[in-house]
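# Remarks on the overall topology
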Amino acid sequence: MKKFLIYISQPYSIPIGRPLQKEIKQRGFSVKWFCDEEGTKKELSTNEVLLNSVDEVLDYRPDVILVVTNVVPDFFSGIKVQVFHGFSVGKRSEAKGHFNIRGFFDLYCTQGESTTKPFLELQKKYRYFEVKETGWSKVDPLFPLEKPKKKDKPTIIISSTFTTSLSLAKKEDIVNEIERLSKLNKYNFIAILHPKMEQEIVNRFKKLENSNFKFYDTTDIIPLFKEADIMLSDTTSAITEFVLQKKPVVTINNNQSKPYMIDISQPQEIEEALDLALTRPLKIMKELERFINLTHPYQDGKSSARVIDACLDFLENRNVKRKPLNIIRRFKIRKKLGYWKI
């Protein structure tokens, strides 16, 4: 029986791992979790079997490690598979962000053509890993897409990044305008923030709550995406997750604005932009369709199955060079885990 390990660091990785866990269990394989951040462990439920030490992982001897963070201990057994903790949204340069090759992984499971093509070029260059386009496990629960429910007023989900220079939640004039709009009884707002957001910002959003505004302190955001008609955001990978439902998004000062976005720069433009988005303009919807096809064309809810298939195929047919020594990064991860036995 194949043994899988889901390796995470931050709470937002948990909803990425759970659809994979479901698929693994359905196939009758073993699956356990390891988390290298103490604060995240309490977010796991009783449905997840957590290995609490490096020694427990070494004793478990996984065949496959599904990594939902940037690095993984080289001394853990099994193939190391990068399944990503978000979409590439250009917050950092490509070389330092989504496409940074750190020398840890045997297999990259990409989300769609826009990420597959660059990784295939990197595969040709380095030759010690393979690339397989599978789609992204986190969005499996989004599908199949549901028909919109009739409401007395539209629901708008607000999401905001943690990055200070890009975050709408950290701009008081924008928050004040959102508060004003919530009191018009014109829209129903639901809001989520990055899990690492400062507590004072979280408290500010909690204070906005009224009959038309509800704040959710959760990483389980797919049900909220389904509930919303449109999104109001800034520069966050949650945008990409949301628009896979073919729903428009209004962005405020997005640092890499795309044609499918209704991007604005001033708080006083928010209301008009929201009203425009709710009409689902034909040009915007066509651009949105094009973006989806390039970014994540899979709408069958079976990306987790493709990831597991890719892992099993790699185990049977691997044909890659030996990974580099990577001494500095190996030292850093040992230091983080406080483990020097190997």
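Computed from a predicted structure; not experimentally measured.

### Considerations on the overall build of the protein
Secondary structure assignment for the protein yields 12 helices and 13 strands. Taking 2.2 N^0.38 as the reference for a compact globule, 342 residues should give roughly 20 Å; the C-alpha atoms of the protein span a radius of gyration of 21 Å, in line with that estimate. Expressed along its principal axes, the backbone C-alpha trace of the protein runs to roughly 60 × 40 × 35 Å. For the protein, the proportion of its 342 residues judged to be buried stands at 53%.

### So, helix α10 (residues 282–295)
With 14 residues, α10 extends 20 Å from end C-alpha to end C-alpha; this agrees with the ideal 20 Å at 1.5 Å per step. All of the buried residues along α10 are Ile-284, Met-285, Glu-287, Leu-288, Phe-291, Ile-292 and Thr-295. Looking straight down α10, one finds that the buried residues subtend no more than 160° of arc, so they occupy a single side. Turned more than 90 degrees away from the buried face of α10 sit Leu-282, Lys-283 and Lys-286, all of them exposed. Where α10 is buried, its residues meet α4 (113–126), α8 (238–243) and β13 (262–264).

### Side note on the sheet that holds strand β6 (residues 107–110)
One open sheet accounts for seven strands, arranged β3-β2-β1-β4-β5-β6-β7; its pairing is parallel. Bordering the open sheet on either side are β3 (50–51) and β7 (130–133), each of which pairs with just one other strand. Where strand β2 (residues 30–35) and β3 come together, two bridges link them in parallel fashion. Residue pairing across strands places Trp-33 opposite Leu-50, the latter belonging to β3. Sheet strands touched by helix α1 (residues 14–26): β1 (3–8), β2 and β4 (64–67). Its angle to β2, the strand with the most contacts, is close to 160°. Here α4 sits on the sheet in contact with β6 and β7, set at roughly 165° to β7.

### Comments concerning the nonpolar core
Membership of the largest hydrophobic core comes to 76 residues, with the highest contact counts inside it found for Leu-66, Phe-76, Val-81, Ile-157, Phe-225 and Cys-311. Per-element accounting of this core gives the leading share, six residues, to helix α11 (residues 303–317). With residues up to four places along the chain from it excluded, the contact list for Val-81 reads Val-64, Ile-65, Leu-66, Val-67, Phe-105, Leu-107, Cys-109 and Cys-311.

### Details of the packing of helix α5 (residues 172–182) against helix α9 (residues 270–278)
Two elements in contact, α5 and α9, have axes whose closest approach is 10 Å; the angle formed by their N-to-C orientations is 60°. Relative to α9, the element α5 lies oblique. Contact residues: Ile-174, Glu-177, Arg-180 and Leu-181 in α5; Ile-270, Glu-271 and Leu-274 in α9. Residues that form the contact of α5 with α9 fall into these classes: four nonpolar, no polar and three charged.

### Details of the sheet that holds β13
What the six strands build is an open sheet, ordered β10-β9-β8-β11-β12-β13; its pairing is parallel. Bordering the open sheet on either side are β10 (213–215) and β13, each of which pairs with just one other strand. Direction aside, neighbouring strands of the sheet carry axes that sit 20° apart on average.

Conventions adopted
Residues numbered from 1 in each chain as written. Predicted model: local features only at pLDDT ≥ 70, side-chain atom pairs only at ≥ 80, totals over all residues. Heavy atoms only, no water. Helix = DSSP H or I, 4+ residues; strand = E, 2+ residues; numbered from the N terminus. Rg over C-alpha atoms; globule rule 2.2 N^0.38 Å. Buried < 20%, exposed > 50% of the residue type's maximum accessible area, 1.4 Å probe, protein only. Expected span 1.5 Å × (residues − 1). Arc of directions from axis to C-beta. Contact = heavy atoms within 4.5 Å. Pairing = 2+ DSSP bridges. Axes fitted to C-alpha atoms, helices over the stretch in contact; angles between N-to-C directions. Core = buried A, V, L, I, M, F, W, Y, C linked by side-chain atoms within 4.5 Å. Parallel < 35°, antiparallel > 145°, perpendicular 65-115°, else oblique. Nonpolar A, V, L, I, M, F, W, Y, C, P; charged D, E, K, R; others polar.

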